[in-house]
Each structure stands twice: as C-alpha cells, then as structure tokens.
Amino acid sequence: MEVSTKNKTKSISGSQALIECLLAEQVDTIFGYPGGAIMPIYDALHGYREKINHLLVRHEQGATHAAQGYARISGKVGVVFATSGPGATNLITGIADAQIDSTPMVCITGQVASHLLGTDAFQETDVMGISMPVTKWNVQITKAEEIPAAVAKAFYIARSGRPGPVVIDITKDAQFGECEFEYQVCNQVRSYVADPEIEKSSIWKAADLINHAKKPLVLFGQGVLLADAQKEFEAFVDKSGIPSAWTIMGLSALKDSHPLNVGMLGMHGNYGPNIMTNECDVLIAIGMRFDDRVTGDLSRYAKQAKVIHLELDPAEISKNVQADVAVLGDCKITLPLITEAITRRSHAKWLSQFNDLYQEEYDVVIKKEISPANDQPISMGEVIKLISDKTKGESVLVTDVGQHQMVAQRYYEFSKWRSNITSGGLGTMGFALPAAIGAKFGAPDRQVIAVIGDGGFQMTIQELGTIYQSGVDVKILILNNEFLGMVRQWQEMFFDRRYSFTEMVNPDFQIIAKGYHIPANKVEQRENLDTALDAFLNSKGSYLLEVMVGKENNVFPMVPSGASVSEIRLK
C-alpha cells in the first residue's frame with residue numbers, strides 16, 4: 001500500500017504507519033531481531049522488503065553496535081528493532097555506548113499491550129525507566145495515532161545538535177490499531193535548543209588569544225567529524241600553523257600525513273602531545289570533552305594555559321577543564337569565523353619540539369613495535385603497520401577495546417575521512433564485529449577491517465552468523481595474545497604480575513569461522529605474515545585471519561592512572 005506523507009491521509013495500521021515514517025526519514029537499513037511484542041511491525045515490514053533492507057542479527061546488542069557502525073560511517077541515523085523484555089534490555093549496552101560517543105540512533109522496541117502495562121506480563125520490562133539514563137530522549141506510545149509525531153520528533157532529536165540515541169517503545173495494541181496517516185518532518189522541539197546562538201565576542205576573544213600565542217596546541221575530537229567540518233578544520237590548522245593532536249574519537253578528522261598532525265592524546269597516546277599539553281600557553285579544544293583518559297590528573301592538567309573550548313553542547317563547557325573562552329556552536333560554522341579573524345602564522349620552533357619528542361618515542365617504542373627483532377614474537381604494531389602500508393591507509397578500521405585498539409589507532413596511518421570506528425567513552429568489548437557489519441552497509445564501496453582481540457571477539461562471536469546470512473564483506477583480524485591484554489598489562493605493572501583470571505583458553509577460531517562458511521587462516525610465524533595478509537586483504541567476501549602475537553607485550557607510551565599527562569612513560 002502506498003501512503004502519501006504530506007497532504008493525503010489514509011487509514012492504516014500503526015505498524016504500517018511506522019514503516020511509512022521510516023521511509024519518510026529516508027531510512028534504508030534496519031538492524032533487528034523479531035519477537036512476540038514487535039511481531040506486528042515485522043509483519044508490516046514484510047511488505048516493504050524492496051524499499052528497506054533489514055539485517056537479522058544474532059543478538060540484540062549486535063543490532064545496536066551494527067547501527068552505530070552504520071551511523072558513524074554514513075552520517076545517517078542508525079535504526080534498530082527489538083522486542084520487549086529481554087530483547088529491549090539487550091539493547092542497553094549499545095544504547096549507552098551510543099550516548100557517550102554521540103552516535104545518532106533510533107531504537108524501536110515492541111511492548112506488551114497497554115492494558116497489561118505494570119502487571120508483570122510475560123516479557124514486560126520498564127523500558128522507559130531502564131533506558132532513560134542512557135538516551136537523549138525516550139517515549140512510550142500506546143495509540144497508533146501517536147506514532148508519526150513521535151517518530152518525527154525522535155529522528156530530529158537523534159540527529160540534531162549533539163547526536164545521540166532515542167528509544168521509542170510501542171505497545172502491541174498501538175501496532176495493531178488504526179490511524180489516519182500523515183507525516184510531517186520535525187524541525188523544532190519546544191525547549192530543546194539544538195544549535196546555540198553564536199556570540200561574535202567569543203570569536204574575537206578566541207582569535208586574539210590565538211594571534212598572541214607563542215606555544216599554542218590544538219586538541220581535536222569527534223565533534224569535527226560529527227559537524228562534517230573536515231575542510232573547515234584543515235583550513236584553520238593550515239592558517240594558524242598550530243600543532244594539532246587528536247582524541248581516539250577524533251582520529252581521521254585530519255590526515256595522519258598532515259605536517260601539523262602531532263599524534264594521539266591520552267593514556268596510550270604519543271609522547272609529544274602529552275608532554276606539551278603542560279607546556280603550551282594556549283590550548284584550543286575543538287569538539288572534545290576532556291575525558292579522564294585524555295587529561296590524567298585534572299589538578300595538574302594544563303594549568304599554565306589559557307583554554308579556548310569550541311563546543312556544541314553547553315554542558316561540556318568547564319565541566320572538567322575551566323574554559324577561558326567558550327565558543328558555543330557548530331564548529332563547521334565557528335571555525336571559519338575564527339579562521340577569518342586570525343593571522344597566518346608559523347610555529348616552526350614550537351613544532352620542532354614535538355618532532356624531537358616523537359623521535360625519542362620512535363627510538364624507544366615505535367621502532368621496536370613495528371620492526372621487532374626476528375627472535376621476538378610477532379607484535380600487534382608490525383601487523384597493523386603492514387596492513388596500513390598495503391591499504392595505503394584508505395580502509396575503514398573498526399576496532400574493539402583493548403591493547404589492539406590502542407595499537408591500531410597508533411600505527412594505522414589514516415588517509416581518509418570517517419575511517420576510524422571504535423568504542424571510545426564506554427569501552428565496550430564485543431563492539432567491533434557487529435559495528436564492522438554496520439559500517440560495511442553504510443559504506444559498501446569501502447574496505448572494512450575489524451581489528452579484534454581474542455577476548456572481545458568471543459563476546460559477539462555469534463554475529464559471524466549475520467555475516468554468513470547477509471553475505472556482507474568484512475575482513476576480520478584477530479590479534480590473539482591469549483590474554484585479556486590490557487587488564488594483564490595493568491596487573492603486570494601495578495599488581496606485581498598477579499595475573500588474576502586474565503589468561504584466555506580459546507577455541508579454534510578457524511573451525512568456528514568455517515562453520516559459518518567464512519574462509520579463515522592462522523599465522524604463528526613471521527615468515528608467513530606478509531603472504532597471509534595479502535590473501536586476507538585481497539579475498540572476495542568476508543575472511544578471518546588470526547595472528548598469534550606476543551603474550552606479554554605491552555602498549556607504550558602510557559600515562560599511569562592518576563598521574564599527570566607530563567608523567568607519561570615510554571617503558
């Protein structure tokens with residue numbers, strides 16, 4: 001049945017109205033798992049298979065991570081379907097991940113009939129109460145006629161301002177009920193300010209500080225990516241001549257090869273930007289929130305610097321680090337205003353100090369990581385560096401959480417925009433495999449590589465079934481050290497090598513992959529690595545490659561927990 005979204009109205013079911021709403025919002029992909037309470041919606045979806053692609057995941061958490069990967073690579077809103085009770089509660093980890101990493105997502109859950117609410121009916125849970133702390137907005141619908149307005153509002157809230165996840169919980173009787181369908185796209189919500197008004201005085205104050213700075217440093221985060229402000233940011237960096245360092249969520253907003261890109265901030269970031277944070281005189285933070293993994297001990301963080309904070313969300317201003325100048329607004333708009341107001345400068349002498357510190361880091365850490373001696377086990381760094389060279393930094397890397405995550409972000413030389421997808425704020429093990437599936441659907445023409453540890457892989461290993469059934473092309477790299485590596489590193493360094501329940505006894509990943517009809521290979525010797533990587537990267541369709549790496553290799557540099565960023569350790 002064709003239904004107009006503007007002038008004409010027609011009586012249809014709430015379930016069909018929902019699908020028509022999604023079409024009006026230009027949704028082309030849904031990640032989900034059916035069940036009793038959402039069955040009417042799935043029945044309606046059956047008639048729209050030519051217009052909307054639905055991907056059947058193997059666990060509802062996988063649906064949320066897939067939707068995150070899709071949203072992060074495409075810039076669209078990720079959409080998830082799940083049933084009531086355990087179906088809805090299984091979404092919570094992914095919703096929380098999306099909330100802290102500002103990922104636009106609309107999760108639609110089925111619910112028991114409205115007359116059963118509050119009766120502890122079969123598969124009833126308080127989805128509103130459970131999801132409220134980890135959503136940007138949530139709503140429960142009990143009447144079919146409420147669906148169009150709620151969906152329109154949900155998509156507007158999810159994608160506008162600082163993006164985030166929204167939950168729509170629809171009772172079963174609302175799905176079966178009839179309504180006169182008419183859809184109006186939402187562009188405004190009372191009392192919700194998506195884009196704060198830009199104050200010109202803050203632009204001039206920021207420009208003045210930048211123009212008079214002798215040792216300025218830019219810290220950029222995911223806000224640059226979310227604003228689609230790559231060109232505007234690069235223009236600012238080029239004109240200002242300021243060394244620029246990235247958070248893990250900001251990675252790929254500026255090419256690794258850019259001469260002013262000085263590397264990664266934070267606990268396992270590069271030596272130079274961490275040391276120089278406590279040496280700079282002006283700190284320009286763009287679209288980042290001063291997470292504790294970036295700042296270390298706040299009482300000793302950049303106390304000597306004047307802080308300029310470009311940020312869309314007013315709640316982030318002076319939350320962790322006091323801002324001397326707050327530039328509220330979308331950085332796609334505010335950056336060009338500042339760029340126009342500043343003087344073209346070069347900070348060659350200041351930049352040379354970063355280069356000197358990088359050379360020190362290279363000699364102590366990087367060289368040994370990307371080119372270990374032949375008598376040493378394969379390192380994660382050499383694997384990632386080889387992949388980077390072979391792909392020219394053009395692939396999309398979707399990383400899980402742990403040592404491999406830090407290594408991948410340190411040694412893959414990203415050359416394209418929107419190429420790094422990871423779980424930043426929540427640090428969700430099991431993120432990468434389903435997120436890589438979603439990323440491939442969001443960017444079908446790009447190569448997607450999931451980089452995963454042996455621990456995280458087993459948290460969502462069932463999504464191999466999704467890969468098999470959908471035929472999606474995802475390259476799966478398991479860096480296997482037979483440990484929960486990051487936890488083991490902390491146990492070694494701070495708990496006298498008491499390896500308490502971190503050693504992994506793993507299954508045969510090759511047999512498991514082949515059970516899902518996914519080609520697989522395993523590398524244990526360095527002399528086989530290069531050829532195996534070629535087969536992995538050049539394969540048609542999905543492929544799983546397991547590489548055995550050093551069991552007790554550590555990731556350095558490292559800022560110990562509670563230390564100042566200037567106390568970063570090279571070994």
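Refer to the structure presented above.
Enquirer: Any chance you could explain the sheet that holds strand 18 (residues 475-480) here in plain terms?
Expert: Sheet strands pair via backbone hydrogen bonds, and the direction of the pair is either parallel or antiparallel. Pairing within the open sheet is parallel, and its 6 strands lie in the order 16-15-17-18-20-19. What marks the edges here is a single partner per strand, and that holds for strand 16 (420-422) and strand 19 (520-523). Each strand of the sheet is rotated relative to its neighbour by a mean of 20 degrees, with strand direction disregarded. Pairing of strand 15 (residues 396-399) with strand 16 involves 3 bridges; the strand directions are parallel. Within strand 16, the residue paired with V398 across the bridge is I421. Strands strand 15 and strand 16 of the sheet are contacted by helix 3 (residues 60-74), whose axis makes an angle of about 155 degrees with strand 16. The strands touched by helix 16 (residues 380-391) are strand 17 (448-453), strand 18 and strand 20 (543-548); relative to strand 18, the strand with the most contacts, the crossing angle is about 160 degrees.

Enquirer: Just checking my understanding: could you explain the packing of helix 11 (residues 230-240) against helix 14 (residues 331-341) for this structure?
Expert: Axes are the key here: two packed helices are described by the angle between their axes and the distance separating the axes. Packing of helix 11 against helix 14 brings their axes to within 9 Å, and their N-to-C directions diverge by 25 degrees. Our classification of the angle between helix 11 and helix 14 gives roughly parallel. The hand of the helix 11/helix 14 crossing is left-handed. Contact residues: E232, F233, A235, F236 and K239 in helix 11; K332, L335, P336, I338, T339 and E340 in helix 14.

Enquirer: Where do I start with the sheet that holds strand 7 (residues 165-171) in this structure?
Expert: Strand order in the open sheet made by the 6 strands is 3-2-4-5-7-6, with parallel pairing throughout. Of all strands in the sheet, those with a lone pairing partner are strand 3 (53-56) and strand 6 (137-141), marking the two edges. Each strand of the sheet is rotated relative to its neighbour by a mean of 20 degrees, with strand direction disregarded. In this structure, strand 2 (residues 29-32) lies alongside strand 4 (residues 78-82), joined through 2 bridges in parallel fashion. Paired with F31 across the strands is V80, a residue of strand 4.

Enquirer: Would you explain the nonpolar core in this entry?
Expert: In a soluble, globular protein the nonpolar side chains are often hidden away together inside. Counting residues in hydrophobic clusters, the biggest one holds 98 residues, and the most contacted among them are F236, L283, I286, L477 and V547. Take this core: its biggest share by element is 7 residues, from helix 15 (residues 348-370). No fewer than three residues from each of domain 2 (200-353) and domain 3 (371-548) sit in this core. Contact partners of I286, with chain neighbours within four places excluded, come to V218, L219, F220, G221, V224, F233, F236, L310, C331 and L335. Listed in part, the 48 residues of the second largest apolar core include V57, I437, A450 and I452.

Enquirer: What is the right way to look at the environment of S299 in this model?
Expert: In this fold, S299 is placed in the loop between helix 13 (292-295) and strand 13 (306-311). For the pair S299 and P86, spaced 213 residues apart in sequence, the C-alpha to C-alpha distance is 43 Å. A polar atom in the side chain of S299 sits 2.8 Å from the side chain of D297.

Enquirer: In this structure, what is going on with helix 7 (residues 147-159)? I would like to understand it.
Expert: Since the α-helix packs 3.6 residues into each turn, any two residues three or four apart lie on the same face. The terminal C-alpha atoms of helix 7 lie 18 Å apart, and with 13 residues this matches the ideal 18 Å at 1.5 Å per residue to within 8%. Among the 13 residues that make up helix 7, 10 are buried, leaving the element largely enclosed by the rest of the structure. Listed as buried for helix 7 are I147, P148, A150, V151, A152, A154, F155, Y156, I157 and A158. At the C-terminal side of helix 7, G161 shows a positive phi close to 55 degrees.

Parameters and conventions
- Residues numbered from 1 in each chain as written.
- Predicted model: local features only at pLDDT ≥ 70, side-chain atom pairs only at ≥ 80, totals over all residues.
- Heavy atoms only, no water.
- Pairing = 2+ DSSP bridges.
- Helix = DSSP H or I, 4+ residues; strand = E, 2+ residues; numbered from the N terminus.
- Axes fitted to C-alpha atoms, helices over the stretch in contact; angles between N-to-C directions.
- Contact = heavy atoms within 4.5 Å.
- Parallel < 35°, antiparallel > 145°, perpendicular 65-115°, else oblique.
- Left-handed = near helix turned anticlockwise from the far one by under 90°.
- Core = buried A, V, L, I, M, F, W, Y, C linked by side-chain atoms within 4.5 Å.
- Buried < 20%, exposed > 50% of the residue type's maximum accessible area, 1.4 Å probe, protein only.
- Domains from an automatic or database assignment.
- Polar contact = N/O pair within 3.5 Å; in protein donor to acceptor, adjacent residues only side chain to side chain.
- Expected span 1.5 Å × (residues − 1).

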